[in-house]
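Examination of the molecular architecture
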Amino acid sequence: MMYIDEIMEYLPHRYPFLLVDRVTEVEKGQFIKGYKNISLNEPFFTGHFPNNPIMPGVLIIEAMAQLSGVLGFVTVGRKPSDGVVQYLAGSSKARFKRPVIPGDRLSMESRMISGKRGIYKFECRALVDDEVVCVAEILTAEREV
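First things first, this report covers the structure right here in the doc. Note that the structure is a prediction, hence the values are computed from the model and not measured. (Residues numbered from 1 in each chain as written. Predicted model: local features only at pLDDT ≥ 70, side-chain atom pairs only at ≥ 80, totals over all residues. Heavy atoms only, no water.)

Time to look at the overall build of the chain. For the chain, the helix and strand inventory stands at two helices and six strands. Secondary structure elements of the chain occur, N-terminal to C-terminal, as α-β-β-α-β-β-β-β. Over its C-alpha atoms the chain spans a radius of gyration of 14 Å, differing by no more than 12% from the 15 Å that the globule rule assigns to 145 residues. The principal-axis extents of the C-alpha atoms in the chain amount to approximately 45 × 30 × 25 Å. (Helix = DSSP H or I, 4+ residues; strand = E, 2+ residues; numbered from the N terminus. Rg over C-alpha atoms; globule rule 2.2 N^0.38 Å.)

Laid out in C-alpha cells, this is it:
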C-alpha cells in the first residue's frame, strides 16, 4: 500500500492535478491498483457541468495514466528525483460506460502489457462500486528531465 506522501515521490503532479489518492496493491512489472476520491470540491466541476457535475473523461484517462506511471517507476526502480518522468504518450481503445460524479470513489487497475526502452503499454480500467466506468490502453514514455 502507498499513501499520498509516497505516491508524491513517484509522481511529479501536485494539486489540483494529482489524481491518485492511494495505491492499494502493486506488483512490480505486473499490475497496480489504486483510487481517487471524487469530491464536489474538485476544480473541474465548476465548469463541467454546472448543475450536472461529471468528471471529464480525459481526466479519468489521466488518472489511469498517473497510476500506470507509478507502476512503470516501481518496475524499473526509479523516481522523478532521479531526473526522469513518465509522460502520457498515448491512449487507445478508450470506452466510457457511465459518468463519474461527486461522491464516487474512482477505483483504478492497470496491468503492464509490455515495456522496452522506456516505453510502457498498460491495459487499464476504472470502476465505481465494482461497475466499470472506463477502459483504455495507455502508453507512457520515460524521459529524462
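Spatial strand order, E1-E2-E4-E5-E6-E3: six strands in an open sheet with antiparallel pairing. A single partner strand is all that each edge strand has here, and the edge strands are strand E1 (22-27) and strand E3 (84-96). With strand direction ignored, the average angle separating the axes of adjacent strands in the sheet is 20 degrees. Across ten bridges, the pairing between strand E5 (residues 119-128) and strand E6 (residues 131-144) is antiparallel. Looking across to E6, one finds that Leu127 is bridged to Val132. (Pairing = 2+ DSSP bridges. Axes fitted to C-alpha atoms, helices over the stretch in contact; angles between N-to-C directions.)

Attention shifts here to the pattern of salt bridges. As enumerated under the stated definition, the model contains ten salt bridges in all. Residue Lys79 pairs with Glu9 through a salt bridge whose shortest N-O separation is 2.6 Å. In this pair, Lys79 sits in the loop between helix H2 (57-76) and E3 while Glu9 sits in helix H1 (residues 4-10), placing the two residues 70 residues apart along the sequence. Of the residues examined, Lys79 reaches a relative accessible area of 24% and is grouped as partly exposed. Assessed through its relative accessible area of 39%, Glu9 is described here as partly exposed. The residue Lys36 makes a salt bridge to Asp21 at a minimum N-O spacing of 3.9 Å. Of this pair, Lys36 sits in strand E2 (residues 31-37) while Asp21 sits in the loop between H1 and E1, placing them 15 residues apart in sequence. (Salt bridge = Lys/Arg side-chain N within 4 Å of Asp/Glu carboxyl O. Buried < 20%, exposed > 50% of the residue type's maximum accessible area, 1.4 Å probe, protein only.)

Among the structural elements, Gln66 can be located in helix H2. Distance from Gln66 to Thr140, taken between C-alpha atoms, is 9.2 Å for residues 74 residues apart in sequence.

Turning our attention to the pairing of E6. Across ten bridges, E3 lies against E6 in antiparallel orientation. Looking at E6, one finds that Phe96 is bridged to Cys134. Where E5 folds back on E6, the antiparallel hairpin that results is connected by two residues, among which Asp129 adopts a positive phi of roughly 50 degrees.

Purely geometric numbers; function is a separate question.
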